Amino acid sequence: NLLPTLTSSEVIVLSAFLEKCPRLHTLQLQPKMPPLPVKQIRSAAELDLSGRSLNVLDALVMAPMVKGSHTRVLKLGLNRLTQTPPDLTNQSWFRHEEYDEMPTGLDALLEAVHLNGHMEILDISSNLIGPHGAKAVATAIQDHHTLHTLDVSRNAIGAAGMRWIAEAISGE
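Residues numbered from 1 in each chain as written. Predicted model: local features only at pLDDT ≥ 70, side-chain atom pairs only at ≥ 80, totals over all residues. Heavy atoms only, no water.

(A) Structural detail: the packing of helix H5 (residues 130–141) against helix H6 (residues 158–170). Direction vectors running N to C along H5 and H6 enclose 0°, while the axes themselves pass 8 Å from each other. On the basis of their axis angle, the class for H5 and H6 is roughly parallel. Side by side, H5 and H6 meet where Pro131, Ala134, Lys135, Val137, Ala138 and Ile141 of the first sit next to Gly161, Trp164, Ile165, Ala168 and Ile169 of the second. (Axes fitted to C-alpha atoms, helices over the stretch in contact; angles between N-to-C directions. Helix = DSSP H or I, 4+ residues; strand = E, 2+ residues; numbered from the N terminus. Parallel < 35°, antiparallel > 145°, perpendicular 65-115°, else oblique. Contact = heavy atoms within 4.5 Å.)

(B) View of the environment of Arg163. On the secondary structure map, Arg163 appears in helix H6. Taking relative accessible area as the criterion, Arg163 reaches 44% and is therefore assigned partly exposed. Measuring from C-alpha to C-alpha, the distance between Arg163 and Ala134 comes to 9.1 Å, with 29 residues separating the pair along the chain. (Buried < 20%, exposed > 50% of the residue type's maximum accessible area, 1.4 Å probe, protein only.)

(C) Structural view of helix H3 (residues 56–67). Helix length check: H3, at 12 residues, gives a terminal C-alpha distance of 17 Å against a target of 16 Å (1.5 Å per residue), a fit within 8%. Of all 12 residues in H3, 11 are buried; the element is thus mostly enclosed. Within H3, the full set of buried residues consists of Val56, Leu57, Asp58, Ala59, Leu60, Val61, Met62, Ala63, Pro64, Met65 and Val66. (Expected span 1.5 Å × (residues − 1).)

(D) Looking closely at the environment of Glu19. Secondary-structure assignment places Glu19 in helix H1 (residues 8–20). Judged by its relative accessible area of 38%, Glu19 is partly exposed. If sequence neighbours within four positions are ignored, Glu19 has contacts with Pro64 and Lys67.

(E) Structural detail: the pattern of salt bridges. A complete count under the given rule lists 3 salt bridges for this structure. A salt bridge links Lys75 to Glu46; its shortest N-O distance comes to 3.7 Å. Taken as a pair, Lys75 in strand S2 (residues 73–75) and Glu46 in strand S1 (residues 46–48) lie far apart in primary sequence, 29 residues in all. Accessibility expressed as a relative area gives 26% for Lys75, which makes it partly exposed. On the basis of relative accessible area, Glu46 is assigned to the partly exposed category, the value being 46%. (Salt bridge = Lys/Arg side-chain N within 4 Å of Asp/Glu carboxyl O.)

(F) Representation of the nonpolar core in the model. Judged by nonpolar contacts, the single largest core of 42 residues is most densely connected at Leu74, Leu76, Leu109, Leu110, Ile124, Val137 and Ile165. Residue assignment for this core shows that the elements contributing at least two residues are H1, helix H2 (38–43), H3, helix H4 (105–116), H5 and H6. Per-element tally for this core: the top contributor is H3, with 9 residues. Excluding its chain neighbours within four sequence positions, the residues that come into contact with Leu109 are Ala59, Met62, Ala63, Val66, Leu76 and Leu81. (Core = buried A, V, L, I, M, F, W, Y, C linked by side-chain atoms within 4.5 Å.)

(G) H5, seen in detail. Between its first and last C-alpha, H5 extends 17 Å over 12 residues, near the 16 Å set by a 1.5 Å rise per residue. Among the residues of H5, Gly130, Gly133, Ala134, Ala136, Val137, Ala138, Ala140 and Ile141 are the ones counted as buried. Those residues of H5 that are buried are in contact with H4, strand S4 (149–151) and H6. Within two residues after H5, Asp143 carries a phi angle of roughly 60°, on the positive side.

Below, the structure is given as structure tokens:
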């Protein structure tokens with residue numbers, strides 16, 4: 001995880017902070033941890049975060065950095081973008097089945113991809129996004145003119161998810 005020792009409320013505050021501070025270069029979160037390379041993430045043409053065990057909270061922090069970036073390639077395969085960390089599993093305000101309108105980390109990242117405008121390659125394979133995630137992907141890629149490669153394999157999106165993505169790609 002990028003943020004292994006932050007609480008859920010700290011991550012939400014951090015996400016809002018990053019949204020409001022576009023010129024921030026690095027952010028030291030803990031004394032003995034490497035700083036979060038905010039400027040590097042925002043300026044990277046290719047960002048490969050595959051297989052890093054990123055979860056919902058990590059995705060919420062990443063979203064403002066991706067939105068304000070010129071990232072063309074974003075690889076997030078083999079992560080846990082829909083997995084709620086243990087400190088949130090018992091929080092009723094965070095349960096997706098109770099609050100479908102509450103954005104997940106995946107929703108926040110996909111909104112950032114939609115607003116990015118430079119994205120050419122998006123890999124969110126092996127994140128178990130399911131049909132809800134497929135619908136969010138479809139919304140993010142609809143009318144996205146630069147995206148030419150999308151990997152949503154190994155995500156259990158089902159027939160409905162495939163249909164939503166196909167309709168978004170074809171412009172229907």
